[in-house]
Amino acid sequence: MRVSLLQLRVDQDESADSRRERAASLVREQAGTADLVVLPELWTTGAFAFDTFDEEAEPVPGGPTAEAMSAAARDAGVWLHAGSVVERVQGDGGERELFNTSLVFSPDGTLARTYRKIHRFGFDRGEATLMSAGREPVTVPHPEATLGLATCYDFRFPELFRALVDRGARVLVVPAGWPEKRAAHWTLFARARAVEEQAYVLACGTAGTHAGVPQAGLSMVVDPWGEVLAEAKGNEEQVVRAEFDPSQVDAVRESFPVLKDRVL
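The following paragraphs examine the structure supplied in this document. (Residues numbered from 1 in each chain as written. Predicted model: local features only at pLDDT ≥ 70, side-chain atom pairs only at ≥ 80, totals over all residues. Heavy atoms only, no water.)

1. Re the overall build of the protein chain
Secondary structure assignment for the protein chain yields 7 helices and 15 strands. Taking 18 Å as the expected radius of gyration for a compact globule of 264 residues, we find that the protein chain reaches 17 Å, a close match to that expectation. Based on the C-alpha atoms only, the size of the protein chain along its principal axes is roughly 55 × 40 × 35 Å. Here the protein chain holds 264 residues, and 55% of them are scored as buried. The contacts in the protein chain between residues at least 6 apart in sequence include a share of 68% that link residues at least 24 apart. Accessible surface for the protein chain amounts to roughly 10,900 Å². Of this, 49% is attributable to carbon and sulfur atoms. The average position of the 28 basic charges and that of the 40 acidic charges among the side chains of the protein chain differ by 3 Å. (Helix = DSSP H or I, 4+ residues; strand = E, 2+ residues; numbered from the N terminus. Rg over C-alpha atoms; globule rule 2.2 N^0.38 Å. Buried < 20%, exposed > 50% of the residue type's maximum accessible area, 1.4 Å probe, protein only. Contact = heavy atoms within 4.5 Å. Areas by Shrake-Rupley, 256 points an atom, 1.4 Å probe, with all protein chains shown as cover. Lys, Arg positive; Asp, Glu negative; His and termini not counted. Charge placed at Lys NZ, Arg CZ, Asp CG, Glu CD.)

Here you go:
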């Protein structure tokens, strides 16, 4: 399985439309070299640019990001985890509800799955107060291996990842807008979730600065033993590529059957 993590630079001096065009171009460049391409969390707005969430919110499907990423996936012929967007849901009574929603496209451009982030960051401000929480773990039947979806702050809640494994996940995909000041936690969680769940982890962060918050970058691919197969060199924009055999998940789980000893 060949993967490309696009550690996209997100700064507020670039418009969302410009960034969509640039991201789509990067996706198309992965044609023939990747089976799965991954973008970061909230790359159209910036994960900490709370003041722009309502203005930049878009419907799913049918919004500008979904349309652009569908076309890019189709042109490149790849499975595309297009990171997440601020999804706007309009109620029958005119009320608006926002979600942090990940989009996964198949190689023909079909929107195969969406995942609404369950754990919202911010405690009593920001995302935690502006967005509604998702309710269901989500997996994707990629032909090489079932993908389990999570987003950024979800990393801190191992019970979600266990639920994804119980649903058949072999590869855990985690787009993020993770702050530089907690970079050590990011690398720790990526390796810990891989070891705990005996699964591959694809952790894709952003470069740049979101609303004054420098980003960690450090996108990485981790194997089921917790070994880092490929990683970004710092927090600049770059593409992280790796190739691995998903069948190794079953081999690891058989040779060291930790999951069979679960009690709870």
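2. So, the nonpolar core
It is characteristic of soluble globular proteins that their nonpolar side chains tend to be buried jointly. Ranked by internal contacts, the top residues of the largest apolar core, which has 48 residues, are Phe-155, Val-171 and Leu-202. In terms of nonpolar packing, the next biggest core, distinct from the first, is built from 23 residues, Val-27, Met-69, Leu-80 and Phe-105 among them. (Core = buried A, V, L, I, M, F, W, Y, C linked by side-chain atoms within 4.5 Å.)

3. Focus: the sheet that holds strand S2 (residues 9-11)
What the 3 strands build is an open sheet, ordered S2-S11-S12; its pairing is mixed. Every interior strand has two partners, whereas the edge strands, S2 and strand S12 (213-214), have only one. (Pairing = 2+ DSSP bridges.)

4. Some words on the pairing of strand S4 (residues 79-90)
A large share of S4 lies buried, amounting to 9 of its 12 residues. Relative to S4, strand S3 (residues 36-38) is paired through 3 bridges, and the arrangement is parallel. Note on S4: the bridge partner recorded for Leu-36 is Trp-79. Relative to strand S5 (residues 96-105), S4 runs antiparallel, the two sharing 9 bridges. In the sheet register, His-81 faces S5, and the bridge partner there is Val-104. Counted along the chain from S4 to the antiparallel partner S5, the turn is 5 residues long, and its residue Gly-94 has a positive phi close to 95 degrees.

5. Some thoughts on a nonpolar patch on the surface
The grouping of Trp-225, Phe-256 and Val-258 at the surface amounts to a nonpolar patch, some 320 Å² of accessible area in total. Under the relative-accessibility criterion, Val-258 is labelled partly exposed at 41%. (Patch = residues over 30% accessible without salt bridge, like charges linked within 9 Å, V, L, I, M, F, W, Y side chains within 5 Å. Salt bridge = Lys/Arg side-chain N within 4 Å of Asp/Glu carboxyl O.)

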